Amino acid sequence: MSNILMSVKKIHKHYGRDPERVHVLKSIDLDIEKGESVSIMGQSGSGKSTLLTIMGGLNEPTEGALEIKNTNLYDLNHEKRAEFRQMNLGFVFQQFQLLSYLTAIENVMLPLVTLKLTNKEKRFRAMKVLKRVGLEDKAHRLPNQLSGGEQERVAIARAIVNEPEIVLADEPTGSLDTKTGDEIMNVFGELNASGMTVIMVTHNPVYAKYFKRVITMKDGQLTNLGG
Amino acid sequence: MNLMQIAFSNLIRRRSKAMLMVIGIMVGVATMVSFIQIVEAMRLDLGDRIDEFGANAIVIPDKVSQLITSDMEAIRASEIGIYVNIISPKLIDVVKIDDQDVLIAGIEVNSEFTQKPWLTIGGSDLSMIEMADDEIIMGASTADNFQVSKGDTVTIMDKNFRVYGVLDPVGSEEDGLIFAPLHSLQSLLGRGDDISMFELSAYCNACPIEEVAMVVETALPGTRAIPLSQAATYRDQSIGEFELFGMTLSLVVLMISVLVVLTTMLTSIQERVNEIGIFRAIGFKKRHIITIFGVEIMVISLMGGILGVGIGVLMAKVLGPYLADVQIVEAFSLKLGIQAIMIATGIGLFGSIYPVIKASKLDPIEAFRK
Ligand SMILES: Nc1ncnc2c1ncn2[C@@H]1O[C@H](COP(=O)(O)OP(=O)(O)OP(=O)(O)O)[C@@H](O)[C@H]1O
Ligand SMILES: [Mg+2]
């Protein structure tokens, strides 16, 4: 039990106000251990993204608690939670979400910008993770000069540049072809192999094989805890 | 990479939006600057006109029974002596002509007519004329009254005077006067060195005439110096009216500038919701977001301010003569530059404070929406 990194406790999430209030997550309980690779699958609208953003400390639940490394995230104020995310979590957003006016390496450096590091150190660390995703030769390109798969790699590099323990990704392969999708899944596989905990929302069952644990959701409830 | 570089990169990428805000601020600053310049020129011009048009103060006896010619020297020797442009002494008395009472003024011809350039004969200036001791100048209505004209002889206290000329009518008390050389009037009336009053004008644009008057009273104990400010009041009033007009116009333009910044910032933030969501998700704090937007708005304000001061100075030069009948000679000054930058940052801050606070409060999940 000492290996539990993240603990989701009786989480409920409602969106909107009465009478249009919708109950999106219904009492979710889930523990994730250090080093796991977890995929969350389910139909569209089942609440996967909502759960993932709550697990990432980005979306306040209506009820329940989220503990990561024994810190109750939603007990922290917004600024402290931002700091916690910066130190412990990495995100790969849908549609990559790169800033179009920054080069690949600058996008990767973003999470380091507000840290007390020298510019040289920031560049060094950004270059190191770009190498890890196989993009060091395209570090100075703008996002629109990169292919979809390459942009995805930049997004992954940005998510791991602060050396987080947990990487959360929401449908990172959604807009990629199967071959590129497989390559990206392999990158996540390598990250997990190096000790990072990976939690990914994905639609496509063919990617299930890349994960040690597959959780399924339906109508805001977990139907299979996997593992 | 730091927050500044993010701000600069974004400015370059969204340069059309940035330019729109620069222009908005520039127009506001230019309006304010040209208005400030025109009012300042009007003030300077007012100073010039006071010098040119008549006395700033009159000095009359108060506790002393009489002023004398040498009192002029005392004024010149006082601490405001260097500012005193013209002192025009006057002896005023009533004499009888054909059994009618007439006011006669003994004057020093050159100083009197230099100080009052509006007194003319047949339109020509009198400041350089030479008058003989037995010559007089008649005011327009006095000449009319006694049916005399240039070259006629008028008898005053049994002495004959030749009429040097008749003043063009000016519609004030000068029309009903007779002017004679000071010395000849003093001896005619047996008044020695007596003077009824001095009219003095000062060069000084900066020092208030009230101060000048006080110094004169100290230099000549027992006298009273009365500031005359009609000319100044008149012009001051027109400056006041122009100031009100300019203020109103500037305020309207400033508000438009603020609105341009406000709406542009709001749409810009709307477009950048995702981006701000990313910043927040990866750990940027509110103050980091505010810094990025703050740097952007400062750069925009600075550019707007610099362009605005240039265009404002040009506008004042072109519009000054039409709007306020003044020539703007003095162009750019450090003070004006600082004022312009302050106005520009003011517009920038006012227009962006609400959008920026709104941006800093955006939720990090915005980054997951699409
Ligand atoms: N901000 C919101 N306000 C109101 N309702 C929302 C909001 N976000 C999500 N929902 C609703 O909550 C439900 C779950 O949404 P969520 O995005 O978590 O589903 P999902 O499983 O990720 O779906 P997909 O596979 O299509 O991405 C949906 O019915 C959605 O319409
Ligand atoms: Mg989703």
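Quick note: structure is the one above.
Everything numeric in this text was worked out from a predicted model, so none of it was measured.

Colleague: How would you explain a nonpolar patch on the surface if you had to name every residue and give the values?
Modeller: Residues and elements named next belong to chain B. On the surface, F245, L249, V318, L319, Y322 and L323 cluster together to form a nonpolar patch covering roughly 630 Å² of accessible area. Elements with a contribution of two residues or more to the nonpolar patch: α8 (230–271) and α10 (286–324). Take the nonpolar patch: its biggest share by element is four residues, from α10. Looking at where F245 falls in the secondary structure, it is placed in helix α8.

Colleague: How would you explain the layout of surface pockets if you had to name every residue and give the values?
Modeller: If you add up the space inside the second largest pocket, you get close to 240 Å³. The wall of the second largest pocket is formed by 15 residues, among which Q97(A), L98(A), L99(A), S100(A) and N274(B) lie closest to the centre. Of the residues that constitute the lining of the second largest pocket, the class distribution is four nonpolar, five polar and six charged.

Colleague: Tell me about the packing of α10(B) against helix α11 (residues 334–360) of chain B, and name the residues and values.
Modeller: Residues and elements named next belong to chain B. Direction vectors running N to C along α10 and α11 enclose 150°, while the axes themselves pass 7 Å from each other. Here α10 runs over α11; the crossing is right-handed. Along the contact surface, α10 presents K286, I289, I290, F293, I297, M298, S301, L302, G305, I306, V309 and V313, while α11 presents L336, G337, A340, I341, A344, T345, G348, S352, V356, A359 and S360. For the contact of α10 with α11, the class distribution of residues is 15 nonpolar, seven polar and one charged.

Colleague: Break down the site of ligand 1 for me, with residues and values.
Modeller: Surveying the vicinity of ligand 1 reveals 13 residues, the closest of which are S44(A), G45(A), K48(A), S49(A) and T50(A). More than one chain reaches ligand 1: its neighbouring residues belong to chains A and B. Within the side chain of S44(A), one N or O atom sits 2.5 Å away from an oxygen atom of ligand 1. Contact between ligand 1 and G45(A): an oxygen atom at 2.9 Å from a main-chain N or O atom of the residue. Coverage of ligand 1 by the protein amounts to 63% of the 630 Å² it exposes when considered alone. Here the shell around ligand 1 gets three residues from one element, more than from any other, and that element is helix α1 (residues 48–55) of chain A. Within the shell around ligand 1, the residues separate by chemical class into two nonpolar, eight polar and three charged.

Colleague: A description of the packing of aromatic side chains should follow, citing residues and the corresponding values.
Modeller: Aromatic ring pairs are defined here through the distance separating the ring centres and the angle between the ring planes. Under the defined criterion, the tally for this structure stands at four aromatic pairs over all chains. Taking the centre distance of 6.3 Å and the plane angle of 45° together, the rings of Y207(A) and Y210(A) count as tilted. Aromatic side chains F279(B) and F284(B) sit 4.9 Å apart centroid to centroid with 0° between the ring planes, which places their arrangement in the stacked category. When sorted by exposure, F279(B) lands in the same class as F284(B), which is buried. The ring centre of F161(B) lies 4.8 Å from the NZ or CZ of K159(B), which sits over that ring.

About the criteria used
Residues numbered from 1 in each chain as written. Chains lettered and ligands numbered in written order. Predicted model: local features only at pLDDT ≥ 70, side-chain atom pairs only at ≥ 80, totals over all residues. Heavy atoms only, no water. Patch = residues over 30% accessible without salt bridge, like charges linked within 9 Å, V, L, I, M, F, W, Y side chains within 5 Å. Areas by Shrake-Rupley, 256 points an atom, 1.4 Å probe, with all protein chains shown as cover. Salt bridge = Lys/Arg side-chain N within 4 Å of Asp/Glu carboxyl O. Helix = DSSP H or I, 4+ residues; strand = E, 2+ residues; numbered from the N terminus. 1 Å grid on protein atoms, 1.4 Å probe; cavity = no way out; pocket = protein on both sides within 12 Å on 5 of 7 lines; lining within 4 Å. Points joined across faces, edges and corners; volume = space filled by probe spheres on them. Nonpolar A, V, L, I, M, F, W, Y, C, P; charged D, E, K, R; others polar. Axes fitted to C-alpha atoms, helices over the stretch in contact; angles between N-to-C directions. Left-handed = near helix turned anticlockwise from the far one by under 90°. Contact = heavy atoms within 4.5 Å. Near = heavy atom within 4 Å. Polar contact = N/O pair within 3.5 Å; in protein donor to acceptor, adjacent residues only side chain to side chain. Phe/Tyr/Trp six-rings, centres within 6.5 Å; stacked < 30°, edge-to-face > 60°. Buried < 20%, exposed > 50% of the residue type's maximum accessible area, 1.4 Å probe, protein only. Lys NZ or Arg CZ within 6 Å of the ring centre and 35° of its normal.

Structural measurements only, silent on function.
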